[in-house]
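Understanding the architecture of this molecule
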Amino acid sequence: METHDIVVIGGGQMGLSLCYYLGRAGADFLILDAEDSPGGAWRHGWDSLRLFSPAGYSSLPGWLMPPPEHKGYPTRDDVIDYLTRYEARYQLPVRRPVRVSSVVRTDEHLELVTESGPIAARKGAFAGGGGILR
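Counting restarts for each chain, with residues numbered from 1 along the sequence as it is written. Whole-chain, interface and lining totals are the exception, using all residues; otherwise, since this is a predicted model, local features are given only for residues with pLDDT of at least 70 and side-chain atom pairs are given and counted only at 80 or more. Think of the side-chain values as coming from all heavy atoms in the structure, minus any hydrogens and water.

1. Quick word on unusual backbone geometry
Residue Pro97 follows Arg96 across a cis peptide bond; omega there is -15 degrees. By the criteria applied, helices consist of DSSP H or I runs no shorter than four residues and strands consist of E runs no shorter than two, each listed in order from the N terminus. Position of Pro97 relative to the elements: it lies in the loop between β3 (94-95) and β4 (100-105).

2. A short note on helix α1 (residues 13-24)
Side chains three or four residues apart in an α-helix point the same way, a direct result of the helix having 3.6 residues per turn. Spanning twelve residues, α1 covers 17 Å between terminal C-alpha atoms, matching the ideal 16 Å at 1.5 Å per step. A simple rule labels every residue: compare its accessible area, found with a 1.4 Å probe on the protein chains alone, to the largest value its type can have, and call it buried under 20%, exposed over 50%, or partly exposed in between. When we look at burial in α1, the residues that qualify are Gly15, Leu16, Ser17, Cys19, Tyr20 and Leu22. Residue contacts are defined here by distance: any two heavy atoms, one from each residue, within 4.5 Å place the two residues in contact. Against β1 (2-9), β2 (29-32) and α2 (76-89) lie the buried residues of α1. Following α1 by one or two positions, Gly26 adopts a phi angle in the positive range, close to 75 degrees. Here the expected span of a helix is defined as 1.5 Å times the quantity of residues minus one.

3. Considerations on the packing of α1 against α2
It is the contact of α1 with α2, at a shortest axis distance of 11 Å, that shows an interaxial angle of 25 degrees. In terms of orientation, α1 and α2 fall into the roughly parallel class. Between α1 and α2 lies a crossing of left-handed hand. Two secondary-structure elements touch here, α1 through Gln13, Leu16 and Tyr20 and α2 through Leu83, Tyr86 and Glu87. When grouped by side-chain class, the residues that make up the contact of α1 with α2 number four nonpolar, one polar and one charged. A fitted line through C-alpha atoms represents every axis, and for helices the fit uses only the stretch in contact; the resulting angles, taken between N-to-C directions, go from 0 to 180 degrees. An angle below 35 degrees is treated as roughly parallel, one above 145 as roughly antiparallel, one from 65 to 115 as roughly perpendicular, and anything else as oblique. Whether a crossing is left-handed or right-handed is set by the direction in which the near helix is turned from the far one by less than a right angle, anticlockwise for left-handed and clockwise for right-handed. Each residue receives one of three labels: charged for Asp, Glu, Lys and Arg, nonpolar for Ala, Val, Leu, Ile, Met, Phe, Trp, Tyr, Cys and Pro, and polar for the others, Gly being one of them.

4. Quick word on the side chain of His109
Examined against the element boundaries, His109 turns out to sit in the loop between β4 and β5 (110-114). In this structure His109 comes out as buried when scored by relative accessible area, which is 19%. Leave out the neighbours within four places in its chain, and His109 touches Met1, Val104, Ala120, Ala121 and Arg122.

5. Brief notes about the pairing of strand β6 (residues 119-127)
Strands are treated as partners if at least two bridges between them are detected by DSSP. Summarising the sheet, β1 and β6 pair through seven bridges and their orientation is parallel. Following the sheet pairing, Val8 is matched in β6 by Phe126. Across three bridges, β5 lies against β6 in antiparallel orientation. Of the residues in β6, the one forming a bridge with Glu111 is Ala120. Between β5 and β6, which pair antiparallel in sequence order, lie four residues; one of them, Gly117, sits at a positive phi of approximately 115 degrees.

6. A look at the side chain of Ser17
Within the secondary structure, Ser17 sits in helix α1. Among all residues touching Ser17, those that are not within four sequence positions of it are Leu60 and Pro61.

7. Observations concerning the packing of aromatic side chains
Stacked, tilted and edge-to-face pairs are distinguished by plane angle, under 30 degrees for stacked and over 60 for edge-to-face with tilted covering the rest, among Phe, Tyr and Trp rings (Trp via its six-membered ring) whose centres lie within 6.5 Å. A complete count under the given rule lists five aromatic pairs for this structure. A ring pair is formed by Tyr20 and Tyr21, whose centres lie 5.0 Å apart and whose planes are at 85 degrees; its orientation type is edge-to-face. Ring centres 5.1 Å apart and planes at 35 degrees place the aromatic pair Trp63 and Tyr82 in the tilted group. With Trp63 in the loop between β2 and α2 and Tyr82 in helix α2, the pair connects residues that are 19 residues apart, well separated along the chain. A residue is classified by how much of its surface remains accessible, and Tyr82, at 1% relative accessible area, is buried. An aromatic cluster of at least three residues, connected via ring pairs, comprises Tyr20, Tyr21, Trp63, Tyr82, Tyr86 and Tyr90.

As structure tokens, this is what we get:
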């Protein structure tokens, strides 16, 4: 069974932010994301959706979001582009599309059940929506 120390469920802004720090710490981790491509929830917003603040206030750790080339706050497409480039910049190990149907605790690890087979997390799993499993 494929095994990592930490498995992060969800490759949105929270998951990417966490994995920036995991990468800096040299952790063995994997991100599983159900989407077909980067951008998290931003892919499901209206085309007219914008941030409500300047780009610099909406950055993820390690890299300021570049200001848009147009007037106003960053658009949905600006944010999706930033998140896509962020993943590439830090070479984050994102696997998609992968849906996690359940997480089962065994004596040795957490087993994440996915449609492409089980994946084990030795030290824990983090759900991008806000939960830590140990």
